[in-house]
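Overview (structure and organization)
Listed here are the chains, written in short residue letters.
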Amino acid sequence: RVKRLALRFNAEDPENFALRVETCRAKKAHCELQQNFIRFIEGQSDSFVSPMRREQKEDFIRQCLHRSHVEEARNYVSTIRGLISEIEYDYVLSMKFSKVKQDLIEGNGTQKARVVDTSPFTPLLANFLPTKVPEHGLVSFETPEQSVAELIELHLAQPTLTENVYAVTTAVWRR
């Protein structure tokens, strides 16, 4: 059985064909390396991660309900529990990733950070190294979409706890 990648059309330039095959193999190898890196991160011990605080979960529930404008929040308790489970999984994964970066990048968080040479994931970790500081430390910036005063005004206008939100919060934690 011949794989599609190995087929070269009569009209195709042999050099383009070789380049296409080489590019496909390199991309496949990169994807496999990424998959191995994700498995490596997932394989880290959960004991390195402190559990998500209950207050953080309750805050998430409040924000979801406030922004969704649902009429009867009790109808969404199982959905919210599922979302909380997803959030906890992502939280644990991100904390494990942070630990892996700390282990595999010497001086992580500094301008002198470098990837440990013995890591098979070196090509992937290069993206997490700091960029070179611009000459004279000058950086460009963009005009903010909202001023600090506008953001504070919006924050103060949002209710932090309503009867509906409180009812769902207690229902989600009642187990």
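This section reports on the structure supplied with the text.

Here is what the cut-offs are and how they apply
- Residues numbered from 1 in each chain as written.
- Predicted model: local features only at pLDDT ≥ 70, side-chain atom pairs only at ≥ 80, totals over all residues.
- Heavy atoms only, no water.
- Axes fitted to C-alpha atoms, helices over the stretch in contact; angles between N-to-C directions.
- Helix = DSSP H or I, 4+ residues; strand = E, 2+ residues; numbered from the N terminus.
- Parallel < 35°, antiparallel > 145°, perpendicular 65-115°, else oblique.
- Left-handed = near helix turned anticlockwise from the far one by under 90°.
- Contact = heavy atoms within 4.5 Å.
- Nonpolar A, V, L, I, M, F, W, Y, C, P; charged D, E, K, R; others polar.
- Phe/Tyr/Trp six-rings, centres within 6.5 Å; stacked < 30°, edge-to-face > 60°.
- Buried < 20%, exposed > 50% of the residue type's maximum accessible area, 1.4 Å probe, protein only.
- Lys NZ or Arg CZ within 6 Å of the ring centre and 35° of its normal.
- Patch = residues over 30% accessible without salt bridge, like charges linked within 9 Å, V, L, I, M, F, W, Y side chains within 5 Å.
- Areas by Shrake-Rupley, 256 points an atom, 1.4 Å probe, with all protein chains shown as cover.
- Salt bridge = Lys/Arg side-chain N within 4 Å of Asp/Glu carboxyl O.
- Lys, Arg positive; Asp, Glu negative; His and termini not counted.
- Charge placed at Lys NZ, Arg CZ, Asp CG, Glu CD.
- Expected span 1.5 Å × (residues − 1).
- Arc of directions from axis to C-beta.

1. Focus: the packing of helix α2 (residues 54-68) against helix α3 (residues 77-104)
Packing of α2 against α3 brings their axes to within 11 Å, and their N-to-C directions diverge by 130°. As the angle between them shows, α2 and α3 are arranged oblique. α3 is crossed by α2, and the crossing has right-handed handedness. Residues Lys57, Phe60, Ile61 and Leu65 of α2 form the contact with α3, whose participating residues are Ile80, Leu83, Ile84, Ile87 and Glu88. Among the residues forming the contact of α2 with α3, the class breakdown is 7 nonpolar, no polar and 2 charged.

2. Things to note about the packing of aromatic side chains
Summed over the entire model, instances satisfying the criterion amount to 4 aromatic pairs. Geometrically, the ring pair formed by phenylalanine 37 and phenylalanine 121 is tilted, given 4.8 Å between the ring centres and 45° between the ring planes. Note that phenylalanine 37 is positioned in helix α1 (residues 14-42) and phenylalanine 121 in the loop between β2 (114-115) and α4 (122-125), a separation of 84 residues in sequence. Here phenylalanine 37 matches phenylalanine 121 in class, with each residue buried. Aromatic side chains phenylalanine 40 and phenylalanine 121 sit 5.3 Å apart centroid to centroid with 40° between the ring planes, which places their arrangement in the tilted category. Taken together, the positions of phenylalanine 40 in helix α1 and phenylalanine 121 in the loop between β2 and α4 put the pair 81 residues apart, joining distant regions of the chain. Note on phenylalanine 40: relative accessible area 34%, which makes it partly exposed. A relative accessible area of 8% places phenylalanine 121 in the buried class. Each residue in the set Phe37, Phe40, Phe97, Phe121 and Phe128 is aromatic and connected to the rest through ring pairs, giving one cluster. In this structure, lysine 99 packs its charged tip against the face of phenylalanine 48, placed 4.4 Å from the ring centre.

3. Some thoughts on a positive patch on the surface
A cluster of basic residues, Arg1, Lys3, Arg25 and Lys28, forms a positive patch at the surface. If you trace the backbone, arginine 1 turns up in the segment before α1.

4. Brief notes about a nonpolar patch on the surface
There is a patch of nonpolar side chains on the surface, built from Val148, Ile152 and Leu156 and spanning about 330 Å² of accessible area. Take leucine 156: it is sitting in helix α5 (residues 148-157). With relative accessibility at 67%, the residue leucine 156 sits in the exposed group.

5. A closer look at α2
Over its 15 residues, α2 extends 21 Å from the first C-alpha to the last, a length consistent with the 21 Å expected when each residue adds 1.5 Å. What α2 keeps buried is the set Lys57, Glu58, Ile61 and Leu65. Angularly, the buried residues of α2 cover 100° about the axis, an arc narrow enough to put them on a single face.

6. Digging into the side chain of lysine 96
In this structure, lysine 96 sits in helix α3. Contacts of lysine 96, omitting those with residues within four sequence positions, involve Ile41, Glu42, Gln44, Ser45, Asp46 and Val49.

7. Notes on the environment of aspartate 46
With respect to the helices and strands, aspartate 46 occurs in the loop between α1 and α2. Judged by its relative accessible area of 48%, aspartate 46 is partly exposed. The spatial distance from the C-alpha of aspartate 46 to the C-alpha of lysine 96 is 7.8 Å, given a sequence separation of 50 residues. Aspartate 46 has contacts with Val92 and Lys96, leaving out every residue within four places of it along the chain.

8. Focus: the packing of α1 against α3
Following both chains from N to C, one finds α1 and α3 inclined at 100°, their axes separated by 9 Å at the closest point. Classed by the angle they form, the pair α1 and α3 counts as roughly perpendicular. In this structure, α1 uses Phe37, Phe40, Ile41 and Glu42 to contact α3, whose residues at the interface are Tyr89, Leu93, Lys96, Phe97, Val100 and Leu104. Grouping the constituent residues of the contact of α1 with α3 by class yields 8 nonpolar, no polar and 2 charged.

Keep in mind that these numbers describe shape and distance, not what the molecule does.
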